[in-house]
Amino acid sequence: GAVVSQHPSRVICKSGTSVKIECRSLDFQATTMFWYRQFPKQSLMLMATSNEGSKATYEQGVEKDKFLINHASLTLSTLTVTSAHPEDSSFYICSASANGQGYGYTFGSGTRLTVV
Amino acid sequence: GENVEQHPSTLSVQEGDSAVIKCTYSDSASNYFPWYKQELGKGPQLIIDIRSNVGEKKDQRIAVTLNKTAKHFSLHITETQPEDSAVYFCAANYGNNRLAFGKGNQVVVIP
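Residues numbered from 1 in each chain as written. Chains lettered and ligands numbered in written order. Predicted model: local features only at pLDDT ≥ 70, side-chain atom pairs only at ≥ 80, totals over all residues. Heavy atoms only, no water.

**Focus on the interface of chain A and chain B**
Contacts between chain A and chain B engage 20 residues on the former and 18 residues on the latter. At the boundary of chain A with chain B, total buried surface from both sides reaches about 1,500 Å², with 54% on carbon and sulfur atoms. Taken together, chain A and chain B are joined by one salt bridge. Among the ionic pairs, Arg98(B) bridges to Glu59(A), the shortest N-O distance being 2.8 Å. Where chain A packs against chain B, one counts five residue pairs in polar contact (both at pLDDT 80 or more). Broken down by secondary-structure element, the contributors of at least two residues to the side of chain A that touches chain B are strand S4 (32-38), strand S5 (45-51), strand S9 (90-97) and strand S10 (105-107) of chain A. In terms of residue count, S4(A) provides more of the side of chain A that touches chain B than any other element does, three residues in total. Taken together, the residues that form the side of chain A that touches chain B break down as nine nonpolar, 10 polar and one charged. (Contact = heavy atoms within 4.5 Å. Buried area = accessible area lost by both parts, 1.4 Å probe. Salt bridge = Lys/Arg side-chain N within 4 Å of Asp/Glu carboxyl O. Polar contact = N/O pair within 3.5 Å; in protein donor to acceptor, adjacent residues only side chain to side chain. Helix = DSSP H or I, 4+ residues; strand = E, 2+ residues; numbered from the N terminus. Nonpolar A, V, L, I, M, F, W, Y, C, P; charged D, E, K, R; others polar.)

**Thoughts on the pattern of salt bridges**
Per the stated rule, a full pass over the model turns up seven salt bridges over all chains. Across the pair Arg24(A) and Glu22(A) runs a salt bridge whose closest N-O atoms are separated by 3.6 Å. Arg24(A) sits in the partly exposed class, given a relative accessible area of 36%. Each member of the salt-bridge network shares a partner with another, and the members are Lys37(B), Glu39(B) and Lys42(B). (Buried < 20%, exposed > 50% of the residue type's maximum accessible area, 1.4 Å probe, protein only.)

**Observations concerning the sheet that holds strand S1 (residues 4-7) of chain B**
Residue and element names in this part refer to chain B. Taking strand neighbours across the sheet as the criterion, the five strands line up as S1-S3-S8-S7-S6 in an open arrangement whose pairing is antiparallel. The open sheet terminates on both sides in strands that have one partner only, identified here as S1 and strand S6 (56-59). Strand-to-strand, the axes of this sheet are offset by a mean angle of 15 degrees, without reference to chain direction. Bridge analysis of S1 against strand S3 (residues 19-25) gives four bridges, and the strand direction is antiparallel. Bridging across to S3, Val-4 finds its partner in Tyr-25. (Pairing = 2+ DSSP bridges. Axes fitted to C-alpha atoms, helices over the stretch in contact; angles between N-to-C directions.)

**Some thoughts on the packing of aromatic side chains**
The way to describe two aromatic rings as a pair is by their centre distance and the angle between their planes. Taken as a whole and assessed by the stated rule, the structure comprises 13 aromatic pairs over all chains. Here the aromatic cluster, defined as three or more aromatic residues joined through ring pairs, consists of Tyr36(A), Phe107(A), Tyr36(B), Phe89(B) and Phe101(B). (Phe/Tyr/Trp six-rings, centres within 6.5 Å; stacked < 30°, edge-to-face > 60°.)

**Points about the state of the cysteines**
Overall, the coordinates contain two disulfides over all chains when judged by the stated rule. A sulfur-sulfur separation of 1.7 Å characterises the disulfide bridge that pairs Cys23(A) with Cys94(A). Note on the Cys23(A) and Cys94(A) pair: the S-S dihedral is about 65 degrees, so by sign convention the disulfide is right-handed. Residue Cys23(A) is located in strand S3 (residues 19-25), and its partner Cys94(A) is located in strand S9; the two are separated by 71 residues in the primary sequence. In this pair, the class of Cys23(A) matches that of Cys94(A), namely buried. Across a sulfur-sulfur distance of 1.9 Å, Cys23(B) and Cys90(B) are joined as a disulfide pair. With the S-S bond torsion at -95 degrees, the cross-link from Cys23(B) to Cys90(B) turns out left-handed. Of this pair, Cys23(B) sits in strand S3 while Cys90(B) sits in strand S9 (residues 86-94), and the two are 67 residues apart along the sequence. Classification of Cys23(B) by relative accessible area gives buried; the value is 0%. The exposure class assigned to Cys90(B) is buried, which follows from its relative accessible area of 0%. Left unpaired, Cys13(A) is separated from the closest cysteine sulfur, that of Cys94(A), by 18 Å. Using a relative accessible area of 8% as the deciding quantity, one classes Cys13(A) as buried. (Disulfide = S-S within 2.5 Å.)

Written out as structure tokens, the structure is:
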């Protein structure tokens, strides 16, 4: 089945630094990638949607200059958290869709970001 | 946008009994309804999904039912086992192929 590899699984960084999270579709071409954020014991909140070769579309309230998304190829999307602060500490999860038809989403294993 | 409500928030069942989780959605244009299982520290794993052209789908011990008129869908787990303990999320698709998630349901299977 479809596999999405997400790295790193855990990262600790200092306040003010930037962190990059990678999401790769291993056996299919991901026309669309989604990035989510999940706080402890809460649901997944969509941050942004990106289509290969296009600028990402951010959900209301998500700072696009803080959460930089790149989807330069059909198998790789990255999320960079810039100038991280402790309140950015969260579980970040990517999801990929091969067909762009509103079904068939495959999720990555998530990245636990802790900003100290 | 889409609003997905999920009930109950916590469900404890004896091993071997059935568990049912219900979700409602608001957008009548939604046509895809997946269910995900999430274990601690991991990403969501799709366990079953249903599209709006069918009313029920079953995969071994797991089934999903959909009532489009009432805008609700349910997850049914039969013969529950300890490894079924996890958080379960329902979701529904909406504009531009996005997914809206319910708040999640902590299922605890008591051995």
